[in-house]
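Results of the structural survey
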Amino acid sequence: MDPSTAGRQIPVVVLAGFLGSGKTTLLNHLLRRRAGNRVAVVVNDFGAVEIDAMTVAGQVGSTVSLGNGCLCCAVDASELDGYLERLSRPAARIDIIVIEASGLAEPQELVRMILAGDSPRTVYGGLVEVVDAAEFDATRERHPETDRHLAIADLVVLNKTDRVTPAEHERVLGVIGELGPGAAVVSASYGRIDPGLLFDPATRPAEEEKVRQLSFEDLSADDEPDPAHRADHAHHPHAAYESVSFDEPAAMDPRRLMTFLDSRPEGLYRVKGFVDFGAADPDNRYAVHAVGRFLRFYPEPWPRGAERRTQLVLIGTGIDPDALAKELAVCAVSGTDAGTDPGETAMWGVLRYVRSEPAADEAADPF
Ligand SMILES: Nc1nc2c(ncn2[C@@H]2O[C@H](COP(=O)(O)OP(=O)(O)OP(=O)(O)O)[C@@H](O)[C@H]2O)c(=O)[nH]1
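The sections below set out a description of the structure shown in this document.

What counts, and where the lines are drawn
- Residues numbered from 1 in each chain as written.
- Predicted model: local features only at pLDDT ≥ 70, side-chain atom pairs only at ≥ 80, totals over all residues.
- Heavy atoms only, no water.
- Near = heavy atom within 4 Å.
- Polar contact = N/O pair within 3.5 Å; in protein donor to acceptor, adjacent residues only side chain to side chain.
- Areas by Shrake-Rupley, 256 points an atom, 1.4 Å probe, with all protein chains shown as cover.
- Buried < 20%, exposed > 50% of the residue type's maximum accessible area, 1.4 Å probe, protein only.
- Helix = DSSP H or I, 4+ residues; strand = E, 2+ residues; numbered from the N terminus.
- Arc of directions from axis to C-beta.
- Contact = heavy atoms within 4.5 Å.
- Patch = residues over 30% accessible without salt bridge, like charges linked within 9 Å, V, L, I, M, F, W, Y side chains within 5 Å.
- Salt bridge = Lys/Arg side-chain N within 4 Å of Asp/Glu carboxyl O.
- Lys, Arg positive; Asp, Glu negative; His and termini not counted.
- Charge placed at Lys NZ, Arg CZ, Asp CG, Glu CD.
- Pairing = 2+ DSSP bridges.
- Right-handed = clockwise from strand over helix to strand, strands pointing away.
- Axes fitted to C-alpha atoms, helices over the stretch in contact; angles between N-to-C directions.
- Parallel < 35°, antiparallel > 145°, perpendicular 65-115°, else oblique.
- Nonpolar A, V, L, I, M, F, W, Y, C, P; charged D, E, K, R; others polar.

Topic: the site of the ligand
- Taken together, the neighbourhood of the ligand is formed by 16 residues, with Lys23, Thr24, Thr25, Asp162 and Tyr190 sitting nearest.
- The separation between an oxygen atom of the ligand and a polar main-chain atom of Ser21 is 3.2 Å.
- Interatomic distance of 3.1 Å between a side-chain N/O atom of Lys160 and an oxygen atom of the ligand.
- For the ligand, the accessible surface in isolation is 650 Å², of which the surrounding protein chains cover 70%.

What to know about helix α7 (residues 145–152)
- Along α7, the residues that are buried comprise Thr146, His149 and Leu150. Seen end-on, α7 carries its buried residues on one side only, within an arc spanning 100°.
- On its buried face, α7 is in contact with α5 (107–116), β5 (122–132), α6 (136–142), β6 (155–159) and α8 (166–179).

Regarding a negative patch on the surface
- A surface patch of like charges, here negative, comprises Glu242, Asp320, Asp322 and Glu327.
- Looking at where Asp320 falls in the secondary structure, it is placed in the loop between β12 (310–316) and α13 (321–331).
- By relative accessible area, Asp320 is classed as partly exposed at 45%.

So, the pairing of strand β7 (residues 184–187)
- Because side chains alternate across β7, one face comprises the buried residues Ala184 and Val186, and the other comprises Val185 and Ser187, equally buried.
- With 4 bridges connecting them, β6 and β7 associate as parallel partners. Opposite Leu155, over in β7, you have Ala184 as the bridge partner.
- Tracing the backbone out of β6, into α8 and back to the parallel element β7 gives a crossover that is right-handed.

Focus: the packing of helix α12 (residues 254–262) against α13
- Contact geometry for α12 and α13: axes closest at 8 Å, N-to-C directions at 155°. Here α12 is positioned roughly antiparallel relative to α13, judged by the angle of their axes. In contact with Arg256, Leu257 and Phe260 of α12, α13 contributes Leu324, Glu327, Leu328, Val330 and Cys331.
- Here the residues of the contact of α12 with α13 sort into 6 nonpolar, no polar and 2 charged.

Description of the sheet that holds strand β11 (residues 294–301)
- Strand order in this open sheet of 5 strands is β8-β12-β9-β10-β11, and the pairing throughout is antiparallel. If you trace the sheet from one side to the other, it starts and ends with β8 (242–248) and β11, each paired once. Pairs of neighbouring strands in the sheet enclose a mean axial angle of 10°, with direction left out of account.
- Alignment of strand β9 (residues 268–276) against strand β10 (residues 284–291), held across 7 bridges, turns out to be antiparallel.

Function cannot be inferred from these measures alone, as they are strictly geometric.
See below:
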């Protein structure tokens, strides 16, 4: 099951956070731990390696610098679309695109551009806001807009926790929880979050990875702090997130599932998988992709011979896995309502989240 390939859309993650909070450090960590995924990184920073986007898209873990200044100011929606379009061409075989927003960029502007973008091959992958735990109060004071950024983030990475006492760590976590009550929050030092929060392990055969060009990832492979520090941290539960796997042979009631999704709990960062709506739409299965408050369904005809069931994975922080599994179980069509006609309006709530334009099959697209 892989909902990022269901609908064949590449998640575009916006990585934001104030100057020096640790965005590049986190990015380098993700590139080292990318589990075989092909990660395209768009940075908008002075001093980054300028590589022609056409070349980049043929590489693995590459960087496109947008050059001078702030991405959201310098690039209008159509230009960003152009970059995403090139990076998401099938020939580039990229699994995830990360846009590292300049420390001064307004992240919601970037998110708006991605959501407004018309590429059928990409999908919004969430706003990750990196926060410096040690500079938290000072940053809020200097940049009051921090509060607004935290309020719209889908995932907050509280970084540099090695620089604060446990009590201070708790206090900052409390403030973040108040400012952005819907977001999942993970604590980290040196940006070491579990990449599983952002993307799934690649299913591509390891063979392909052997033949590739030197990438940004290779260049950045040595910037980890010293091994003693690393070993020390290997025992720390930096990536405290929880996941719930839900596997249900009975069809899901569309109205009940929408009620669950519309009121999904705080801290639930991702939902992915396939849904069987049974008699409400017997022809299609629905790939579902949710990140933060963003939700989308991708109906596609049931593959021949596929077993009809609902399989979902939910990922978040501060969630109650057992309670979520129970709430989902209640969404299944049970003995009493099985066999009753769901009615023609049953799918309306789901269809609100179906993209209208079909994703073109461009597998033969010459790059
Ligand atoms: N002590 C400590 N230092 C960190 C941590 N994460 C990053 N740093 C250091 O903080 C500095 C800034 O980190 P970057 O990753 O460059 O921060 P950035 O957000 O990309 O900065 P800009 O590109 O200026 O926006 C570097 O010297 C990092 O080594 C951490 O968790 N703990």
